[in-house]
Structure formats: C-alpha cells, structure tokens
Amino acid sequence: MNHPPITLPRLTTLARDAVPKLLEAVVAPLVIVYASVALLGTQGALFAGLAWLFGGLAWRLARRARIPATMWMAALALTFRTAVSFWTGDWHYWAIQPELGTICISVIFLASVRLNKPLVQKLTLDYVHLPSVVLKHERMRRFFARITLLWGFVLLANSTVSIWLALNESQLQGYMLVRTGVVALISGSAIAFSVVAFKRVLRRMHVAHA
C-alpha cells in the first residue's frame, strides 16, 4: 500500500508554539496568585490571578487573535473558584473545589480512550499544528491513546495529593508551596515521558516513510 508523503514537524518548532500559550494560560496565573498573597492577602491574590487571565482574553479579543480552548476553561474555572472563596471567606474551598472537578476530567480522559477519541489529541491541537496525515497515522493514534491514559492518571494523582494537602495545611502559602513542588514533580515526569515518546513515534514514522 502506498502512503501519502508525511511532513513531520520538528519538536523545537512545536515547543516554540506551545510553551508561551501554556505559560500564559496555566503557569502565570498560579505564579501571580502565589506572589501576591503577602502583598494583597488571600482574596486580593485570587483576584490578581483572575485579572491576568481576563486581561489576556481582552488583549486577544482586541487583536482578533485565536483564543485556545484551554484559556477559556482556565478563566471560567478560576472565576468560579474565586467566587466560592470570596463568598465563603475560606481559601480551602478555593483549593479543594477544582480538584473535584479535575477528578471528573481525569475520568473523561480515560473514557475518551475507550471511545477512541483521545482527549490529549484535541487539546494538543490548541497549541501546535500537526498535519492531518500525521494525525491519522496508526502510530500517532496509538501514541495519543496511551498518552491520554497517562494524563488521566496524572490528573487523578495530582488531585488526590492536592486535596490531602489542603486538608492538612492551615496556610495558603504553605499549601501552594508544597503542592507546587509535588505537582511539578509528577507532571514534570509525565511531560518528560510524553516528549520522549513523541520524539520516538515521530522518528519511527520518519524511518517507515523514508
């Protein structure tokens, strides 16, 4: 069987496109919240993170630039978390409530593999462009299915750790410091594995179609 030619993207190009968007939508709001606690207090820090996200949304809308789905999700999630925390006056609700939602998302990740529609593939396309012929390749389909399973369990592990820490830490600063380290270790390991696996599948596809 003759296969159409496959143009394989360079990993450095994919990373150059993806990293700024991830920093803007995911990392920066958490850094702002943590850095602002001492200066603005807990409630003020939460609003500072919210202001960053909505400022980014407004900037993109003004420029008529495409807004990744994950950025909308982050803005909506942080809005709800901040509203709950402000209403209850307790940061523990801000910390625990989204983790319950993350557990549900981890189940969706796992279910998407069963439905043969791996969610990681859809989220990846928010940040990087992959040619349709690459996405349809059997090796790439298996890769996204396995990585979706991996990240389903990673999300479950992160949420479990976060809930336990929130129940056992009395201060937001301590919670965020320890949680950030633990989640960074778990997620960083998963990211490293995902990158290595992605490079390997691209290399094998290149060899198969050389």
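Since the model is a prediction, treat every value here as computed from it, not as a measurement.

A.B. asks: Just give me the short version of the overall build of the protein, but keep the residues and values in it.
C.D. replies: When you go through the protein residue by residue, the secondary structure sums to seven helices and zero strands. By residue count, 36% of the 210 residues in the protein fall in the buried class. Restricting the contact set of the protein to residue pairs at least 6 apart, pairs at least 24 apart contribute 72%. Here the protein has roughly 12,600 Å² of accessible surface; of this, 68% comes from carbon and sulfur atoms.

A.B. asks: Report on the pattern of salt bridges, specifying residues and quantitative values.
C.D. replies: Applying the stated rule across the entire model yields one salt bridge. In this structure, E138 and R142 form a salt bridge, with 3.8 Å as the shortest nitrogen-oxygen distance. Of this pair, E138 and R142 both sit in helix α6 (residues 138-168), four residues apart, roughly one helical turn. For E138, a relative accessible area of 46% corresponds to the partly exposed category. R142 sits in the partly exposed class, given a relative accessible area of 33%.

A.B. asks: An account of the side chain of S159 is requested, with residue identities and associated values reported.
C.D. replies: Positionally, S159 belongs in helix α6. Exposure remark for S159: the relative accessible area of 0% places this residue in the buried category.

A.B. asks: Would you mind going over the side chain of N158 in detail, with residue names and values included?
C.D. replies: Structurally, N158 can be placed in helix α6. Of the residues examined, N158 reaches a relative accessible area of 8% and is grouped as buried. Reaching out from N158, the side chain makes a polar contact with the side chain of S187 at a distance of 3.0 Å. Not counting the four nearest positions on each side in its chain, N158 is found in contact with E99, V183, I186 and S187.

A.B. asks: Please give an account of the nonpolar core that cites residues and values.
C.D. replies: If you look at the biggest cluster of nonpolar residues, it comprises 18 residues, and the most contacted ones within it are V120, M140, F143, F144, W151, F198 and V201. When contributions to this core are tallied by element, the ones reaching two or more residues are α5 (132-135), α6 and α7 (172-208). By residue number, the principal contributor to this core is α6, which donates seven residues. Not counting the four nearest positions on each side in its chain, F143 is found in contact with S194, A197, F198 and V201. Residues V33, L46, A95 and A166 belong to the second largest nonpolar core, which totals eight residues.

A.B. asks: Describe a positive patch on the surface, with residues and values.
C.D. replies: On the surface, R146, K199, R200, R203 and R204 cluster together to form a positively charged patch. Here the element with the most residues in the positive patch is α7; it accounts for four residues. Relative to the assigned elements, R200 resides in helix α7. Residue classification places R200 among the partly exposed positions, given a relative accessible area of 42%.

A.B. asks: Before we move on, can you summarise a nonpolar patch on the surface with the specific residues and values?
C.D. replies: Taken together, the side chains of Y34, L177 and V178 present a nonpolar region at the surface, about 270 Å² in accessible area. You can see L177 is positioned in helix α7. Classification of L177 by relative accessible area gives exposed; the value is 54%.

A.B. asks: Just give me the short version of the packing of aromatic side chains, but keep the residues and values in it.
C.D. replies: Summed over all chains, the structure comprises two aromatic pairs. Their ring planes at 65 degrees and their centres at 5.3 Å tell us that F143 and F144 sit as a pair that is edge-to-face. Using a relative accessible area of 11% as the deciding quantity, one classes F143 as buried. Note on F144: relative accessible area 2%, which makes it buried. Ring centres of F143 and F198 lie 5.4 Å apart, and the angle between their planes is 40 degrees; this geometry places the pair in the tilted category.

A.B. asks: Summarise the confidence of the model for the protein; cite the residues concerned and give the values.
C.D. replies: In this model, the protein carries an average pLDDT of 76, and 73% of its residues clear a pLDDT of 70 or more. Highest mean pLDDT in the protein belongs to α6 (89); lowest belongs to helix α2 (residues 69-88) (71). pLDDT under 50 marks residues 1-6. Its contacts with residues more than four places away, or in other chains, come to eight contacts.

Calculation notes
Residues numbered from 1 in each chain as written. Predicted model: local features only at pLDDT ≥ 70, side-chain atom pairs only at ≥ 80, totals over all residues. Heavy atoms only, no water. Helix = DSSP H or I, 4+ residues; strand = E, 2+ residues; numbered from the N terminus. Buried < 20%, exposed > 50% of the residue type's maximum accessible area, 1.4 Å probe, protein only. Contact = heavy atoms within 4.5 Å. Areas by Shrake-Rupley, 256 points an atom, 1.4 Å probe, with all protein chains shown as cover. Salt bridge = Lys/Arg side-chain N within 4 Å of Asp/Glu carboxyl O. Polar contact = N/O pair within 3.5 Å; in protein donor to acceptor, adjacent residues only side chain to side chain. Core = buried A, V, L, I, M, F, W, Y, C linked by side-chain atoms within 4.5 Å. Patch = residues over 30% accessible without salt bridge, like charges linked within 9 Å, V, L, I, M, F, W, Y side chains within 5 Å. Lys, Arg positive; Asp, Glu negative; His and termini not counted. Charge placed at Lys NZ, Arg CZ, Asp CG, Glu CD. Phe/Tyr/Trp six-rings, centres within 6.5 Å; stacked < 30°, edge-to-face > 60°. pLDDT = per-residue confidence, 0-100.

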